[in-house]
Amino acid sequence: MKADCILAFDTSAAQCAAALLCGDRVWLKIEAMDKGQAERLLPLLADLLAEAGVAWRDLAAIAVGTGPGNFTGVRISVAAARGLALGLGIPAIGVTRLEALAHGLPRPLTVIEDARRGEVYVQSFTDAGAGPARIAKPDDLGAVEVLQTGSGCAGLAEAMPLVQAMAQIAAGRLGSVQPRPAPFYLRGADAAPPSDPPPLILDLVAP
């Protein structure tokens, strides 16, 4: 029985990515896709476990990417992680994309990740821990005098596939109390509320 195995997955970007960490061994499956992650995720996880010879009951924890990223993709993974953890009776541990980008790289480090619309996600990491994450305009950052990583800068390459980093981060948190995974959003939803006024509700009850 492989009780130290952690299954990690992430659909916050245009892909369906999974990693299985069992001790020092890692199995990966990463498939690029713009849509269809909801239908592909669980079969991909089952394929990964079968390839490694690991059963669902062998898992010690689920790790899930919580974003920031595609709103729908983040919700797909978080919902799947909560459901699997509940069904298997194991913890689900959320890991942000920014944490995963910083994992395995020297500190101090600033993650500057492209957030589109001319903005970037920014978070600093030191040996003492992580600073607050924020969203900013690149011109507002000024000179960043420490090492950098992320798609929003010409900095260090990631140390490993992000879904593998998520599994390793979760392994370090195993055994401590963790909140339920929740989407990590730094920007509001793209969907705008309807511009039409709400319908009038008439009281047809006779006096």
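Residues numbered from 1 in each chain as written. Predicted model: local features only at pLDDT ≥ 70, side-chain atom pairs only at ≥ 80, totals over all residues. Heavy atoms only, no water.

(A) Representation of the packing of aromatic side chains within the structure. With the rule as written, the count across this model stands at one aromatic pair. Between Phe71 and Tyr185, the aromatic rings sit 4.3 Å apart at their centres with planes inclined by 20°, giving stacked as the arrangement. Placement of Phe71 in helix H2 (residues 71-88) and of Tyr185 in the segment after helix H4 (162-173) is noted, with a sequence separation of 114 residues between them. Since its relative accessible area comes to 18%, Phe71 is described here as buried. (Phe/Tyr/Trp six-rings, centres within 6.5 Å; stacked < 30°, edge-to-face > 60°. Helix = DSSP H or I, 4+ residues; strand = E, 2+ residues; numbered from the N terminus. Buried < 20%, exposed > 50% of the residue type's maximum accessible area, 1.4 Å probe, protein only.)

(B) Here's a closer look at the sheet that holds strand E1 (residues 5-10). Spatial ordering of the open sheet is given by E3-E2-E1-E4-E5, a layout of five strands whose pairing is mixed. Of all the strands in the sheet, the pair left with one neighbour each is strand E3 (25-32) and strand E5 (92-95). The mean angle between the axes of side-by-side strands here comes to 15°, regardless of whether they run parallel or antiparallel. Here five bridges tie E1 to strand E4 (residues 59-65), and the two strands are oriented parallel to one another. Each residue of the ladder has a partner; that of Phe9, found in E4, is Val64. Contacts from H2 reach E1, E4 and E5 within the one sheet, and its direction differs from that of E4 by about 165°. Each of E1, strand E2 (15-22), E3, E4 and E5 touches H4; the most contacted strand, E1, lies at about 135° to it. (Pairing = 2+ DSSP bridges. Axes fitted to C-alpha atoms, helices over the stretch in contact; angles between N-to-C directions. Contact = heavy atoms within 4.5 Å.)

(C) Region of the structure containing the packing of helix H1 (residues 37-52) against H2. The contact between H1 and H2 brings their axes to 10 Å, and the two run at 40°. Accordingly, the angle class assigned to the pair H1 and H2 is oblique. The way H1 lies across H2 gives a crossing that is right-handed. In contact with Gln37, Ala38, Leu41, Leu42 and Leu45 of H1, H2 contributes Ile76, Ser77, Ala80 and Leu84. Across the contact of H1 with H2, the residue classes break down as seven nonpolar, two polar and no charged. (Parallel < 35°, antiparallel > 145°, perpendicular 65-115°, else oblique. Left-handed = near helix turned anticlockwise from the far one by under 90°. Nonpolar A, V, L, I, M, F, W, Y, C, P; charged D, E, K, R; others polar.)

Shape is all these values report; function is a separate question.
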